[in-house]
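Structural characterization, general
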Amino acid sequence: MDIALIANPVASQFTGGAHRSVMSVLASVGDTEAMWPASATEATGAARAAVELGARVVVAMGGDGMVHHVSQALIGADTALGIIPTGTTNVVARLLGIPMRPARAARLIVGPSEVSDWGATRMTLTRGSTTTTHHSMFACGLGLDALVVAKADKDPYRKYRFGSLHYATTAFGVAFGSFPSTGPHLRVSSGDRTAVAAGVLLQFREVYTYFGRLGLQLAGSSPDPITALVIHRLRRSRIPQIAFDVFMRRDLSAVKGIDVWEGVSTLRIEADLPVAAQADGEGLGMADAVSVEWREKAIRVVRAVGPKGP
């Protein structure tokens, strides 16, 4: 097997015709196998099996969720990650300069592209006696954003039908709802910096958020390697100003009740009460403690030739 194509047929922009076109393009340069996992766990397992069979490229056809689950099996491997974006926002595809049309994205994989190393964060979650490890490709967090992800996932129809609008309305619902009453219960540390917080958002590249193409900028400079937004407490009266600052791409470090830590490479969070966690918009469940570590060359990716992205 040269190429494995792992597809999510329920992705918002997926069509059978697009899949056939992509298969035709990929098969023109080598042995290509189509895989149809029925769950996130099966997607990671299919990618791992393709790596073991010696696949040169494993292609995720779907949204950022499919990219996240496939990438878990490719961390540290020689096999490269290719992407055919058929989701709503397609954050990773945009970062890599991948065309939004499936056939064009497939031609990029077999044609004028380059394979390069990409960084990712490794999250180690502990809940009771259980420890799990996850890698994130563009963002991760604990508390507020993880609660938004969990609530958005409860209504999959609206998620696939309305995409960014669904996430935006969900975010405001959580922010104005129960989260402001959440007291600081997370002990956060990175080097000599410590804080007690209600939530933490980690950004490690210029991202397209789930609010369409609106990029979230936590500080005045790009993450190097990670910028952490430490939310001590979120007051409802400040939410409109914060939303405006995000829209205007302003530095959030001046917002009262929020700290912005730049230059973070490792982070440790211990929770007095279990906290929700997310990576790449995928809910990871609840955790008692979380360690985050930046890995400079974690995964090989197929990207567009030209100016380098973040």
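Residues numbered from 1 in each chain as written. Predicted model: local features only at pLDDT ≥ 70, side-chain atom pairs only at ≥ 80, totals over all residues. Heavy atoms only, no water.

**Some details on the nonpolar core**
Judged by nonpolar contacts, the single largest core of 53 residues is most densely connected at Val 58, Val 70, Leu 81 and Ile 84. If you look at the next biggest cluster of nonpolar residues, it comprises 27 residues, including Leu 186, Ile 226, Ala 287 and Trp 294. (Core = buried A, V, L, I, M, F, W, Y, C linked by side-chain atoms within 4.5 Å. Buried < 20%, exposed > 50% of the residue type's maximum accessible area, 1.4 Å probe, protein only.)

**So, the pairing of strand E9 (residues 193–197)**
In terms of strand pairing, strand E8 (residues 186–190) meets E9 through five bridges, oriented antiparallel. By the bridge assignment, Val 188 is partnered in E9 with Ala 195. Between E8 and the antiparallel strand that follows it, E9, lie two residues; Gly 191 among them carries a positive phi value of about 65°. (Pairing = 2+ DSSP bridges. Helix = DSSP H or I, 4+ residues; strand = E, 2+ residues; numbered from the N terminus.)

**Considerations on unusual backbone geometry**
Going from Asp 224 to Pro 225, the amide bond is cis rather than trans, its omega being -10°. For Pro 225, the position within the fold is in the loop between strand E12 (215–216) and strand E13 (226–231). Phi angles above zero are rare outside glycine, and Asn 90 is one such case at about 55°. Take Asn 90: it is sitting in the loop between strand E4 (80–85) and helix H4 (91–95). On the accessibility criterion, Asn 90 (6% relative accessible area) is buried. The backbone of Asp 280 shows a phi angle near 55°, a positive value even though the residue is not glycine.

**Looking at the environment of Ala 304**
Position of Ala 304 among the secondary structure elements: in strand E16 (residues 282–304). Judged by its relative accessible area of 19%, Ala 304 falls in the buried class. Sequence-wise, Ala 304 and Glu 114 are 190 residues apart; in three dimensions their C-alpha atoms are separated by 6.5 Å. Filtering out sequence-adjacent residues up to four positions away, Ala 304 remains in contact with Leu 96, Gly 97, Leu 108 and Glu 114. (Contact = heavy atoms within 4.5 Å.)

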